[in-house]
Amino acid sequence: MLITLGSPPSDAETDAWHAVIIAAHVLDLPASVPEPGKAETVGKLRVPPAHGRNVHLAATAPDGSYQGVASLLLSTEEENRHTAFLDALVVHPDFRRHGVGAALWTAIRRELAAQGRASVSTVLELGGAGEAFVDSLGFSNVLQLGWYVQRVRQAMDEVPQPALPDGLRFVHWSGVVPDESAEALAVAHEAMRDAPTGDMDERPPRWDARRIRAAARLIEDRGGVLLTSAVLDTTDGDAVVAYTEVVLRDPADTRALQYDTVVVPAHRGRGLGRAVKRHLLGRLSELRPGVREISTTVADDNTAMLAVNEGLGYRRERPAGVFQVKL
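Since this is a predicted model, take the numbers as computed values, not measurements.

J.: Outline the packing of helix α8 (residues 272–287) against helix α9 (residues 303–311), listing residues and values.
T.: Packing of α8 against α9 leaves a shortest axis separation of 10 Å and a crossing angle of 45°. As summarised for this structure, α8 and α9 are arranged oblique, according to the angle between their axes. Along this stretch, α8 crosses α9, giving a crossing that reads as right-handed. Counting all contacts with α8, which are made through G273, R274 and K277, the residues of α9 involved are M305, V308, N309 and G311. For the contact of α8 with α9, the class distribution of residues is 2 nonpolar, 3 polar and 2 charged.

Here you go:
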């Protein structure tokens with residue numbers, strides 16, 4: 001039987017969902033990839049996105065446990081009302097090849113049709129059960145990615161902190177951006193619009209101070225931790241010319257996630273990407289000494305970021321991709 005989780009879901013629903021996620025993680029991912037923490041699952045299920053809404057579905061067994069789960073993100077912003085993101089479609093290993101995934105996809109497809117969405121995308125590991133499943137549904141890989149991992153202590157020991165050019169200085173903060181840098185950070189974030197997106201239907205939103213703050217608050221409201229380092233141009237009113245972010249979705253995580261790294265076009269080629277990422281590495285090591293690794297995804301054709309990351313000790317762990325289907 002398929003159910004839609006309550007809003008918010010009960011403790012029992014959350015526990016049953018998390019059990020599916022962990023069981024699939026253990027089977028499908030390398031042993032080196034830490035299991036998602038319970039706080040991450042709770043946050044995703046109980047705190048809605050800032051600019052959209054989630055649909056959480058579960059296939060239940062007679063004993064009340066879950067055989068599979070699916071989570072769909074529907075943007076409420078005009079530029080992306082034509083598409084959607086499938087955040088999860090996971091079947092417990094004990095119930096695979098029993099039609100559970102197909103039933104969840106049928107329900108998701110019905111929801112997409114009701115909302116008038118013309119496409120849906122998801123991020124998957126290459127070569128696994130997920131890729132084989134979406135292939136059967138007509139999805140195609142529209143953006144090749146790789147997962148990369150950096151060992152924090154090794155990078156701290158082996159990569160010296162680069163000096164900044166004259167007129168530039170570092171700042172850093174935890175959580176929501178300070179008011180005095182919010183507008184400047186939003187301007188810098190717009191430089192992400194030239195990042196590779198392949199043939200994805202999803203369109204990058206416009207960023208302003210309000211959206212920047214909302215994104216940070218969402219991470220915190222879901223129980224996570226956000227750390228940011230930035231480079232300011234003191235000759236230009238402390239404009240943000242580079243920044244980088246890492247996130248712990250669960251405060252107990254030993255592997256952090258690298259989020260955005262941005263250098264504005266006028267300051268590229270000056271080593272600021274490497275400098276700001278090394279600066280944040282130091283702050284992370286100081287503030288969160290239990291974090292041993294940082295992982296990130298990079299598009300295969302983002303040669304500039306691949307070069308920066310290689311110089312900071314990132315090594316490719318496994319291939320992935322953004323898969324999309326037209327409806």
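Having seen the structure, we can now continue with the description.
J.: Go over the pattern of salt bridges with me, naming the residues and quoting the values.
T.: Summed over the entire model, instances satisfying the criterion amount to 22 salt bridges. When the shortest N-O distance is used, the salt bridge between D87 and K44 registers 3.9 Å. One end of the pair, D87, is in strand β4 (residues 83–91); the other, K44, is in helix α2 (residues 38–46), and 43 residues separate them in sequence. When its relative accessible area of 36% is taken as the criterion, D87 is described as partly exposed. The exposure class of K44 is partly exposed, given its relative accessible area of 30%. Its salt-bridge partner being D179, residue R213 comes within 3.5 Å of it at the nearest N-O pair. Taken together, the residues span a long stretch of sequence, with R213 in helix α7 (residues 209–221) and D179 in helix α6 (residues 179–189) at a distance of 34 residues. Overall, D179 belongs to the exposed group, its relative accessible area being 60%. Connected through salt bridges with shared partners, the residues E125, R151, R255, E293, E317 and R318 form a single ionic network.

J.: An account of the pairing of strand β5 (residues 119–125) is needed here, citing residue identities and associated values.
T.: Here β5 lies mainly inside the structure; 5 of its 7 residues are buried. In terms of strand pairing, β4 meets β5 through 3 bridges, oriented parallel. Looking across to β5, one finds that F85 is bridged to S121. Following the backbone out of β4, through helix α3 (residues 100–114) and into the adjacent parallel β5, one traces a crossover that is right-handed. Sheet topology places β5 next to strand β12 (residues 315–326); 7 bridges connect them, and they run antiparallel.

Rules used in this analysis
- Here the residue index of a chain counts from 1 through its sequence in written order.
- Under the rules for a predicted model, residues below a pLDDT of 70 receive no local features and side-chain atom pairs below 80 are neither given nor counted, while totals for whole chains, interfaces and linings still include all residues.
- Note that water and hydrogens are dropped before the side-chain values are worked out from all heavy atoms of the structure.
- As a rule, the C-alpha atoms of each element are fitted with a line to give its axis, helices using only the stretch in contact, and angles between N-to-C directions run from 0 to 180 degrees.
- By the criteria applied, helices consist of DSSP H or I runs no shorter than four residues and strands consist of E runs no shorter than two, each listed in order from the N terminus.
- Angular relationships are summarised with four words: roughly parallel below 35 degrees, roughly antiparallel beyond 145, roughly perpendicular across 65 to 115, and oblique for the angles in between.
- Two helices that cross are described as forming a left-handed crossing if the nearer one is turned anticlockwise from the farther one by less than a right angle, and a right-handed crossing if clockwise.
- Contact between two residues is taken to exist if any of their heavy atoms lie within 4.5 Å; hydrogens are not considered.
- Residue type decides the class: Asp, Glu, Lys and Arg count as charged, Ala, Val, Leu, Ile, Met, Phe, Trp, Tyr, Cys and Pro as nonpolar, and the leftover types, Gly among them, as polar.
- When a carboxyl oxygen of Asp or Glu lies within 4 Å of a side-chain nitrogen of Lys or Arg, that pair is called a salt bridge.
- Think of it in three bands: with a 1.4 Å probe and only protein chains considered, a residue is buried below 20% of the maximum accessible area for its type, exposed above 50%, and partly exposed in between.
- Here a strand pair is declared whenever DSSP counts at least two bridges between the two strands.
- When the strands point away from the viewer and the path from the first strand over the helix to the second turns clockwise, the crossover is right-handed.

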